[in-house]
Amino acid sequence: MKIYEIGTGYTPIPAQMGAATEIVVEELTRSFIQNGVDATIIDISAEKRGELDLPLLEVGVPKKFTGTDVSLGIMHKLKRVVYSIALAGKLKKLLKKETQDVVLHFHNQYNLYFVLKLVPKKLLRKATITYTVHSYIWGAPWEEIEGTVKKKYFQEIACVKNADIVLVLNDITVDHFVNRLGVSKERIHKVLNGVNIHRYAPLEEARVEELKKENDLQGKKVIFQVGSVCPRKNQLGSVEMLTKYLQEHSNVVYQYAGGIIDPEYQQSILDHAKKNNIADQVRYVGELAPGEELNRYYNMADCSVFTSNLESFGLVIIEAISSGTPVVLGSNLMFDLKGGYAMYHTEEEFVSQVDAALAGGKISREAYMDVLKKYSWDSVALHHGALFAEK
């Protein structure tokens, strides 16, 4: 069996910025290979690709589309279309030559939609078409999203209805697809995303203190939030809930990291902090590179918070726990772990749990080992591989 993990075209792999889906593609491929499975990444061409130790087939696109567009505007959509059309041409040639069982694993609706339109069905039948649903929209109640998904997610609906295997990250998505879209339940499988337990790991206490000194955090308690800066990630909501607590605890700092998707929203965070005299305690640290740099910030934190309004799967939650940092998250997210996190339902609960996490120190060894067992990429890849082999 040959597995092709297909990059979305958002940013070249390996991601040099917070791009969860690209991280999934890279880590799944690496773990497949380590488990003895023949796997290759197919990805958008790039002039300045980071160092990659994995098999790669590039899909050529014009130079102006090889960069990363975080604005998610018209150029971003055009780039997705251009890459997806070029990807279809690449796969057409590849499938004509392949003689073994092939899995094409897609992670983006544009990519698979255009492949379904442009690659002859006779060729596609030579492969097992697998599609993982990463879109957060499906995590909301149907009554809230029905109009939006029918108008804006028609491509993803087509992907889900035509894929041989559909992989989802939560139970509510399964319900929507089966009961609202009429997709056969036998084709849908719930899977986990994973964490690189070597890249995200606790650092020695002396190293953490050294990092805190370098970042002007000596003697400070640090609350940390990771995610694109936009209303859905709810950084402003975090700051608003923490305002009184920060005013009463001058030794506590709220740090947040991520690409700025909405500049006006970013300004509203800064304005709120200034208005409430906590500007020195609310720090934006920029967009951090996945891996070593991000792990340093998790380790400097005494508590990581996740207050997102809607998610399909919170990758940063398990990254934080793998780094040894306790997490406080909203009740709209469910994780089957023995510890390492607390869940809040109200603002009062949120503040209380943050306070407890700041006082409680790093997570227990049992909670850490539970993450390794359930969410290591080796475990996740083994599950994926078994699903592909069954088909």
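All of these numbers come straight from a predicted model, not from anything done at the bench.

S.K.: Is there a simple way to explain the sheet that holds strand S10 (residues 282–284) in this structure?
M.R.: The strands making up a sheet are joined through hydrogen bonds of the backbone, oriented either antiparallel or parallel. Taken in spatial order, the six strands make up an open sheet running S10-S9-S8-S11-S12-S13, and their pairing is parallel. Where the open sheet ends on each side, the last strands, each with one partner, are S10 and strand S13 (341–344). Each adjacent strand pair in this sheet contributes to an overall mean axis angle of 25 degrees, direction not counted. Strand direction decides the pairing type here: strand S12 (residues 327–330) and S13, joined by four bridges, are parallel. Looking at S13, one finds that Gly-330 is bridged to Tyr-344.

S.K.: How should I be thinking about the pairing of strand S8 (residues 221–226) in this particular structure?
M.R.: Successive side chains on a regular strand alternate, one facing one side of the sheet and the next facing the other. Among the six residues of S8, five are classified as buried, and the element is accordingly described as predominantly covered. Relative to strand S9 (residues 252–257), S8 runs parallel, the two sharing six bridges. Bridge assignment links Lys-221 to a residue of S9, and that residue is Val-252. In terms of handedness, the path from S8 via helix H9 (residues 235–248) over to S9 forms a crossover that is right-handed. Taken together, the two bridges between S8 and strand S11 (residues 303–306) define a ladder with parallel strand orientation. Pairing of Ile-223 across the sheet is with Cys-303, part of S11.

S.K.: I'm lost on empty space enclosed by the protein in this one. Help?
M.R.: Leftover empty space is mapped by rolling, across the atoms, a probe with the size of a water molecule. Going through the model one piece at a time under the given rule, you end up with one cavity of 30 Å³ or more. A volume near 50 Å³ is recorded for the largest cavity. Around the largest cavity, the lining residues are Ile-23, Glu-27, Gly-194, Val-195, Asn-196, Arg-199, Tyr-200, Leu-315, Glu-319 and Trp-377. When contributions to the lining of the largest cavity are tallied by element, the ones reaching two or more residues are helix H1 (20–34) and helix H12 (315–322). When grouped by side-chain class, the residues that make up the lining of the largest cavity number five nonpolar, two polar and three charged.

S.K.: Whenever I open this one, the packing of H1 against helix H15 (residues 377–390) confuses me. Can you help?
M.R.: One way to put it is that H1 packs onto H15 with a least axis distance of 9 Å and a crossing angle of 80 degrees. Taken together, the axes of H1 and H15 lie roughly perpendicular to each other. For the pair H1 and H15, contact is made by Val-24, Glu-27, Leu-28, Ser-31, Phe-32 and Gln-34 and by Trp-377, Asp-378, Val-380, Ala-381, His-384, Gly-385 and Phe-388, respectively. Class assignment of the residues belonging to the contact of H1 with H15 gives a composition of seven nonpolar, four polar and two charged.

S.K.: Would you explain the side chain of His-384 in this entry?
M.R.: Residue placement: His-384 occurs in helix H15. His-384 gets classed as buried once you look at its relative accessible area, which sits at 3%. A distance of 2.9 Å separates a polar side-chain atom of His-384 from the backbone oxygen of Val-380. In contact with His-384, not counting residues within four places along its chain, are Leu-28, Phe-32, His-105, Leu-167, Val-191 and Leu-192.

S.K.: In this structure, what is going on with unusual backbone geometry? I would like to understand it.
M.R.: Of all residues except glycine, most have a negative phi; of all peptide bonds, most are trans. A cis amide bond links Ile-13 to the next residue, Pro-14, at an omega of 5 degrees. Locating Pro-14 in the fold gives a position in the loop between strand S1 (2–6) and H1. For Asp-216, which is not a glycine, the phi torsion comes out positive at approximately 55 degrees. Positionally, Asp-216 belongs in the loop between helix H8 (205–214) and S8. Overall, Asp-216 belongs to the exposed group, its relative accessible area being 56%. One non-glycine residue with positive phi stands out, namely Asn-277, at about 60 degrees. Tracing the backbone shows Asn-277 in the loop between helix H10 (263–275) and S10. Assessed through its relative accessible area of 69%, Asn-277 is described here as exposed.

S.K.: When you look at a positive patch on the surface in this model, what are you seeing that I'm missing?
M.R.: A cluster of like positive charges, contributed by Lys-117, Lys-121, Lys-122 and Arg-125, occupies part of the molecular surface. With respect to the element layout, Lys-121 can be found in helix H4 (residues 121–124).

Reading the values: the criteria
- Counting of residues starts from 1 at the beginning of each chain's written sequence and follows it residue by residue.
- Only residues with pLDDT of 70 or above have their local features reported here, since the model is predicted, and side-chain atom pairs are shown and tallied only from 80 upward, although totals for entire chains, interfaces and linings are computed over all residues.
- For side-chain calculations, the full set of non-hydrogen atoms in the structure is used, while hydrogens and water are omitted.
- Each pair of strands is called paired provided DSSP finds at least two bridges between the two strands.
- In this description a helix means any DSSP run of H or I spanning at least four residues, a strand means any run of E spanning at least two, and both kinds are numbered starting from the N terminus.
- Note on method: axes are straight lines fitted to C-alpha atoms, helices fitted across the in-contact stretch only, with angles between N-to-C directions ranging 0 to 180 degrees.
- Exposed residues in this analysis have more than 50% of their type's maximum accessible area, buried residues have under 20%, and partly exposed residues fall in between, with area computed by a 1.4 Å probe over protein chains only.
- Here a crossover is taken to be right-handed if, once the strands point away from the viewer, the path from the first strand over the helix to the second is traced clockwise.
- Within this scheme a cavity is a closed region of a 1 Å grid, computed over the protein atoms alone, that accommodates a 1.4 Å probe without allowing it to escape, whereas a pocket is open but has protein on both sides within 12 Å along at least five of seven lines; lining residues each have an atom within 4 Å of a point.
- Grid points are joined across faces, edges and corners, and a volume is the space filled by probe spheres set on the points.
- Each residue gets one label: Ala, Val, Leu, Ile, Met, Phe, Trp, Tyr, Cys and Pro are nonpolar, Asp, Glu, Lys and Arg are charged, and the others, such as Gly, are polar.
- Roughly parallel refers to an angle under 35 degrees, roughly antiparallel to one over 145, roughly perpendicular to one between 65 and 115, and oblique to any angle outside these ranges.
- Contacts are residue-level and defined by heavy atoms, with any inter-residue pair within 4.5 Å sufficient.
- The definition of a polar contact used here is a pair of N or O atoms within 3.5 Å, where within protein one atom must be able to donate a hydrogen and the other to accept one, and adjacent residues in sequence count solely through side-chain atom pairs.
- For patch building, the residue pool is restricted to those with more than 30% relative accessible area and no salt bridge; the joining distance is 9 Å between like charges and 5 Å between nonpolar side chains (Val, Leu, Ile, Met, Phe, Trp, Tyr).
- For the area figures, the Shrake-Rupley method with a 1.4 Å probe applies, and any residue is considered shielded solely by the protein chains shown.
- A pair is scored as a salt bridge if a Lys or Arg side-chain nitrogen falls within 4 Å of a carboxyl oxygen belonging to Asp or Glu.
- Residues scored as charged are limited to Lys and Arg (positive) and Asp and Glu (negative), so that His and the chain ends carry no count.
- Charge positions come from single atoms, namely NZ of Lys, CZ of Arg, CG of Asp or CD of Glu.

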